[in-house]
Amino acid sequence: MRISSQGKTAPTMTLIQCGAVLFDMDGVLVDSTPAVARVWTSWALEHGLVPDEVVRLAHGRPSLATIIELLPKGDHDAENREVERREIEDIADVVALPGALDLLQGIPQDLWAVVTSASRALAQVRLHAAGLPVPKHLVTASDLQRGKPFPDPYLKGAEILGIAPADCVVAEDAASGVRSGKAAGARVLALLTTSEKAELLSAGADWIADDLSAFSLETPGNAAGLAFRLREKK
């Protein structure tokens, strides 16, 4: 932090340079928390599970992984289809998070991707509902054998952009996603939209901010890549 000439404390501004940005969707670009909580709460009650624990476990990872863990003897594919059907239908209060639209409109399409644990169909529905552009480059649970916290999602995101993972910045809000980004070799900006600061730092986050409104494009994309100013959360 620094002190301004008026004696007030000003936020720390950090310059971040990279080749591309890989955005998680839920909790980073889109606020779908109420919808996710409703769907998983109803599903938990139907199976005699504790809703709060199920909602917490489901966040930031593929729904199929959560279902397999909680119902080891269940019909996993059928349960997953039902959860996805409910999530696709429940979009009434899905909105864009602060800073998301401005940032996506400012970065050249070939220098960003969305990497989400949702299915492709659900990702497209939520992005449309939030008034955000569906990206040219989209990696979803439908494209991968292993989801977050494994490195596969962000390795795939870097691959489709043709940018080395080490030259990518990942924007995440869940510990599982932070671990995925770090395991892929990327730097990770963690947002305090859904998780506690200590949890995100423990997972390996390089920077912490409230939301994407703290992350502003400094220069347009060019041969030298991207530059951002970050107002860090201390």
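See above for the structure.
How each quantity is defined
- Residues numbered from 1 in each chain as written.
- Predicted model: local features only at pLDDT ≥ 70, side-chain atom pairs only at ≥ 80, totals over all residues.
- Heavy atoms only, no water.
- Salt bridge = Lys/Arg side-chain N within 4 Å of Asp/Glu carboxyl O.
- Helix = DSSP H or I, 4+ residues; strand = E, 2+ residues; numbered from the N terminus.
- Phe/Tyr/Trp six-rings, centres within 6.5 Å; stacked < 30°, edge-to-face > 60°.
- Buried < 20%, exposed > 50% of the residue type's maximum accessible area, 1.4 Å probe, protein only.

Draft legend 1. Layout of the pattern of salt bridges. Under the defined criterion, the tally for this structure stands at 15 salt bridges. Arg86 is the partner of Glu46 in a salt bridge, and the nearest nitrogen-oxygen pair spans 3.0 Å. Remark: Arg86 occurs in helix H4 (residues 76-89) and Glu46 occurs in helix H1 (residues 33-46); sequence separation between them is 40 residues. Here the salt bridges do not stand alone but share partners, grouping Glu46, Glu82, Arg85, Arg86 and Glu89 into one network.

Draft legend 2. The packing of aromatic side chains, seen in detail. Applying the stated criterion across every chain yields a total of three aromatic pairs. An angle of 75° between the planes, with centres 5.3 Å apart, marks the rings of Trp40 and Trp43 as edge-to-face. Of this pair, Trp40 and Trp43 both sit in helix H1, separated by three residues, roughly a single helical turn. With a relative accessible area of 2%, Trp40 lands in the buried category. Judged by its relative accessible area of 1%, Trp43 falls in the buried class. For the pair Phe215 and Phe228, a centre-to-centre distance of 4.3 Å together with 15° between the ring planes defines the contact as stacked. Taken together, the residues Phe215 in strand E12 (residues 215-222) and Phe228 in strand E13 (residues 225-231) connect sequence positions 13 residues apart. Overall, Phe228 belongs to the buried group, its relative accessible area being 0%.

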